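# Geometric and topological summary
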Amino acid sequence: MSEAETLLSAGIDIGTSTTQLVLSRLTLVNKANPFSVPRIAIEEREIIYRSAVHFTPLIDAVTIDAAGVRDIVAAEYAKAGVRREDIQTGAVIITGETARKQNAKEVLASLAGFAGDFVVATAGPDLESILAAKGAGADAASREKRGTVLHCDIGGGTSNFALYDKGELRSTGCLDVGGRLIRVDNAGWPTYVADKLKRFLLQGGSLEPALDAMTDALLEAAGLKLKTELLEHFITNQTVKLDGPPQYVSFSGGVADCMWEPPDDPYAYGDVGVLLGQKVRAAFERAGAKILRGRETIRATVVGAGAYSTDLSGSTVFYRGVEFPLKNLPVLKLNGEEEGLPPPALAAAIQEKLRWYAGEDGLARTALALQGERSPSYARVLELAEGIAEGLSLLRQAGFFPVVITERDMAKVLGQTLCRFVDGPLLALDGVSVENGDYVDVGAPVAGGAVLPVVVKTLAFENKETGE
């Protein structure tokens with residue numbers, strides 16, 4: 001790869017309140033010297049098109065209008081002057097309360113192909129938190145300020161937290177707090193109240209107790225108020241882990257727009273987002289928080305999906321006979337002790353863990369992940385390859401070829417060594433950090449075949465009751 005290469009990336013976000021998309025141009029460059037192994041990196045992420053912000057079309061309280069969403073996306077592609085086949089990477093995500101709609105999978109299936117090789121089926125709370133924080137620039141702000149930045153993206157149905165320390169992600173969390181959880185008529189009378197908030201509404205329809213409860217839960221999650229049962233009540237999956245109050249708190253999401261530029265009519269959007277934004281800003285200022293406004297607010301998550309969902313593998317990948325893209329591979333990760341086992345014991349450990357992914361139809365395609373070793377001897381690589389090949393023999397018998405992911409730079413030698421034990425297709429890639437419970441998408445090789453685009457994600461189709 002002698003010259004810069006570009007990828008066109010699409011980000012499509014179907015949220016509780018709004019649906020929108022962005023198109024980004026990702027520029028790839030080789031940062032190694034001419035006599036070294038290529039080191040391909042994404043040097044620039046430029047947003048080249050922002051759609052209008054559309055209200056998410058619903059058929060009823062529990063059903064997304066799939067045709068309506070598809071029409072929105074198709075119309076915005078036409079306005080941008082791009083075709084589906086022009087898109088090489090990106091993400092389609094369903095976020096917040098919308099991810100819990102009963103037809104979320106069907107909506108995403110209807111959009112297959114609009115984000116190139118990748119369709120991130122739905123953003124679980126952790127992935128949504130990370131995408132929003134990166135889209136809003138919280139990670140960059142933390143690096144620049146050499147300190148902790150707690151980012152909070154307040155949307156229609158959820159508030160997603162991500163804690164960054166000197167640019168490094170430390171923790172994520174999510175609360176069922178959002179502006180669309182109470183909908184109102186033109187006079188401010190509640191027309192819909194989510195189950196989580198019904199206990200806070202008084203007779204007479206006063207909104208203040210519910211707004212106070214949501215605001216206090218955010219303060220408790222941010223470490224600016226002592227934790228109580230109230231925080232537990234609003235937690236979606238987990239709360240962000242803090243060692244103490246963060247140095248800065250940044251905000252994004254539709255409610256964040258209302259923190260700084262509220263419309264004159266507090267009920268302009270038919271919900272309590274305007275009132276919640278004003279109350280949150282005032283409360284955090286009283287608590288002494290140093291507040292940052294995200295570089296993106298209502299578009300933070302979709303910018304994250306379009307520009308930051310895609311990363312690159314290391315430059316020592318190995319692939320043979322693979323038809324890309326690979327989508328939604330569940331990750332099975334070995335721990336350090338298991339990685340160090342001799343071949344027979346390593347194979348047994350892998351086969352035991354494979355049973356985690358066995359369903360009614362038997363084993364599913366799975367990506368095996370390990371940390372790997374720095375500068376391992378050939379004898380050690382041979383041992384590792386032998387154990388992995390035997391451990392994954394059950395998958396091969398089920399018709400799936402081996403996919404191995406290592407954090408450390410050893411995929412090429414490991415893949416070449418696996419060829420001694422495995423016939424047919426094979427993929428080994430490195431430079432990617434994953435955990436059990438993650439899923440990965442792997443795109444077709446870029447940069448002259450030197451690297452592979454990768455999306456690491458958490459899928460979370462939930463079937464919980466939401467009161468809708």
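Look above for the structure.
First, a word on scope: everything that follows refers to the structure included in this document.

Another point: the pattern of salt bridges. Applying the stated criterion to the full structure yields 22 salt bridges. One salt bridge in this structure joins Lys-225 and Asp-216, with 3.1 Å as the shortest N-O distance. For Asp-216, a relative accessible area of 23% gives the class partly exposed. Across the salt bridge formed by Arg-380 and Glu-383, the nearest N and O atoms sit 3.3 Å from each other. Here Arg-380 pairs with Glu-383, and both are found in helix H13 (residues 378-391), just 3 residues apart, close to one helical turn. Exposure remark for Glu-383: the relative accessible area of 37% places this residue in the partly exposed category. Each of Arg-83, Glu-85 and Asp-86 takes part in a single network of salt bridges with overlapping partners.

This paragraph deals with the layout of surface pockets. The computed volume of the largest pocket comes to approximately 1100 Å³. Taken together, 34 residues line the largest pocket, and the ones lying closest to its centre are Ile-130, Lys-134, Leu-169, Ser-433 and Val-456. Mapped by element, the contributors of at least two residues to the lining of the largest pocket are helix H3 (125-136), helix H4 (138-145), strand E10 (168-175), strand E15 (311-312) and strand E22 (453-457). Class assignment for the residues of the lining of the largest pocket results in 13 nonpolar, 8 polar and 13 charged. For the second largest pocket, the calculated volume is near 470 Å³. Along the wall of the second largest pocket there are 30 residues; nearest its centre are Ser-17, Thr-18, Gly-156, Gly-254 and Ile-298. The set of elements that each furnish at least two residues to the lining of the second largest pocket consists of strand E2 (18-30), strand E4 (54-55) and helix H8 (254-260). Here the element with the most residues in the lining of the second largest pocket is H8; it accounts for 4 residues. Across the lining of the second largest pocket, the residue classes tally to 6 nonpolar, 18 polar and 6 charged.

Scoring rules and cut-offs
- Residues numbered from 1 in each chain as written.
- Predicted model: local features only at pLDDT ≥ 70, side-chain atom pairs only at ≥ 80, totals over all residues.
- Heavy atoms only, no water.
- Salt bridge = Lys/Arg side-chain N within 4 Å of Asp/Glu carboxyl O.
- Buried < 20%, exposed > 50% of the residue type's maximum accessible area, 1.4 Å probe, protein only.
- Helix = DSSP H or I, 4+ residues; strand = E, 2+ residues; numbered from the N terminus.
- 1 Å grid on protein atoms, 1.4 Å probe; cavity = no way out; pocket = protein on both sides within 12 Å on 5 of 7 lines; lining within 4 Å.
- Points joined across faces, edges and corners; volume = space filled by probe spheres on them.
- Nonpolar A, V, L, I, M, F, W, Y, C, P; charged D, E, K, R; others polar.

So, to be careful, I would describe these as geometric facts and stop short of saying anything about function.
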